[in-house]
Amino acid sequence: MGRKFVVGGNWKMNGDKNQINEIVNNLKKGPLDENVEVIIGVPAIYLAYVKSIVPDSIAVAAQNCWKVPKGAFTGEISPAMLKDVGINWVILGHSERRSIFGEKDELVAEKVAHALESGLKVIACIGETLEEREAGKTEEVVFRQTKALLSAIGDKWANVVLAYEPVWAIGTGKTASPQQAQEVHSSLRNWLSTNASPDVANAVRIQYGGSVTAANAKELAACSDIDGFLVGGASLKPEFVDIINATK
Ligand SMILES: O=C(CO)COP(=O)(O)O
């Protein structure tokens, strides 16, 4: 069975109610390719609001969550709380969480494990920095980050989407070329075949993220191992509809 194209919008710490209404109205107007799964990653404080105004065909994701169900963790939210307000997805391990908030592979894995155990679906992010790429360490980094997730995911791969986001391409306007992205996606799939299973490797969807726009989405989407996008800046704009429809 083919992998269903999946496009996520990561709003990061952007948006207010006015802008959110505009974004949602634009998505409602679409029209969106029905063969594409759409997930919007919303700041925690707006999750319930967005869930209340968005059509059920569009999933809503948190951008982070903690690794236990409840307790003395000031400022954190748990998967149980997300589920309680109707949220079924969470983005974990984003490079901004890793670099700005110091999240290491091990913590990301703990969060992924608990989110999956709690019944959430997870977009798990991986990707190398410019320095790592220039040192020829792209595969080493991406494999290390993914290896940390293997036992956290266990047999729950059906509830996981991987997002390959080279850090040097995020918010910089420097998109990875289709060849660069395809190369990493393909070697990651090979690695998964050996280290998880051939079935997992074949079925798991790998999104590309990093300066995706309506202008470059079609060419990236045409690559055989690119199964969707995780979109930052452009997910706040009307062109997000064109990115969702990139395989049409
Ligand atoms: O980090 C990203 C999505 O998670 C990518 O952000 P940009 O699309 O703004 O480069």
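Residues numbered from 1 in each chain as written. Predicted model: local features only at pLDDT ≥ 70, side-chain atom pairs only at ≥ 80, totals over all residues. Heavy atoms only, no water.

Caption draft 1: The overall build of the protein, seen in detail. A count of helices and strands for the protein gives eleven helices and eight strands. In terms of overall size, the protein behaves like a compact globule, its C-alpha atoms giving a radius of gyration of 17 Å where 248 residues would be expected to give roughly 18 Å. If you line up the protein on its principal axes, its C-alpha atoms span 45 × 45 × 35 Å. A burial count over the protein gives 53% of its 248 residues as buried. The long-range share in the protein, meaning contacts at least 24 apart out of those at least 6 apart in sequence, stands at 73%. A total of about 11,400 Å² of accessible surface is found on the protein, and carbon and sulfur atoms cover 51% of it. One way to put it: in the protein the 26 positive side-chain charges average out to a point 4 Å from where the 29 negative ones average out. (Helix = DSSP H or I, 4+ residues; strand = E, 2+ residues; numbered from the N terminus. Rg over C-alpha atoms; globule rule 2.2 N^0.38 Å. Buried < 20%, exposed > 50% of the residue type's maximum accessible area, 1.4 Å probe, protein only. Contact = heavy atoms within 4.5 Å. Areas by Shrake-Rupley, 256 points an atom, 1.4 Å probe, with all protein chains shown as cover. Lys, Arg positive; Asp, Glu negative; His and termini not counted. Charge placed at Lys NZ, Arg CZ, Asp CG, Glu CD.)

Caption draft 2: Structural view of the site of the ligand. Lining the immediate surroundings of the ligand are 13 residues, of which Lys 12, His 94, Glu 165, Gly 171 and Ser 211 lie closest. Here an oxygen atom of the ligand sits 2.6 Å away from a polar atom, N or O, in the main chain of Gly 171. Here the ligand loses 94% of its free accessible area of 310 Å² to cover by the protein chains. For the shell around the ligand, the class distribution of residues is four nonpolar, seven polar and two charged. (Near = heavy atom within 4 Å. Polar contact = N/O pair within 3.5 Å; in protein donor to acceptor, adjacent residues only side chain to side chain. Nonpolar A, V, L, I, M, F, W, Y, C, P; charged D, E, K, R; others polar.)

Caption draft 3: The arrangement of the pattern of salt bridges in detail. Here the structure, examined in full by the defined rule, presents twelve salt bridges. The partner of Arg 98 in a salt bridge is Asp 105, and the shortest N-O contact between them spans 2.8 Å. The two residues Arg 98 and Asp 105 agree in class, both being buried. Here Arg 133 makes a salt bridge to Glu 128, at a shortest N to O gap of 2.8 Å. Note on Arg 133: relative accessible area 22%, which makes it partly exposed. Where salt bridges share partners, they join Arg 3, Arg 189, Asp 225 and Asp 227 into one cluster. (Salt bridge = Lys/Arg side-chain N within 4 Å of Asp/Glu carboxyl O.)

Caption draft 4: A look at the nonpolar core. If you look at the biggest cluster of nonpolar residues, it comprises 71 residues, and the most contacted ones within it are Ile 40, Leu 162, Tyr 208 and Phe 229. Counting eleven residues, the second-largest nonpolar core is a separate cluster that includes Trp 89, Ile 123, Ala 163 and Leu 230. (Core = buried A, V, L, I, M, F, W, Y, C linked by side-chain atoms within 4.5 Å.)

Caption draft 5: Summary view of the confidence of the model for the protein. For the protein, the average pLDDT comes to 98, and 100% of its residues sit at 70 or higher. For this predicted complex, the interface confidence comes out at an ipTM of 0.99, alongside a pTM of 0.98. (pLDDT = per-residue confidence, 0-100.)

Caption draft 6: Just the sheet that holds strand 3 (residues 58-62), in detail. Spatially, the eight strands close up into a barrel ordered 1-2-3-4-5-6-7-8, and their pairing is parallel. Going from strand to strand, the sheet's axes swing by 25° on average, the running direction of each strand aside. Across four bridges, the pairing between strand 1 (residues 6-10) and strand 8 (residues 228-231) is parallel. When the sheet's bridge partners are listed, Val 6 is paired in strand 8 with Gly 228. Strands strand 5 (121-126) and strand 6 (160-164) of the sheet are contacted by helix 7 (residues 138-153), whose axis makes an angle of about 165° with strand 6. Contacts between helix 8 (residues 178-195) and the sheet are confined to strand 5, strand 6 and strand 7 (205-209), with strand 7 contributing the most and set at about 150° to the helix. (Pairing = 2+ DSSP bridges. Axes fitted to C-alpha atoms, helices over the stretch in contact; angles between N-to-C directions.)

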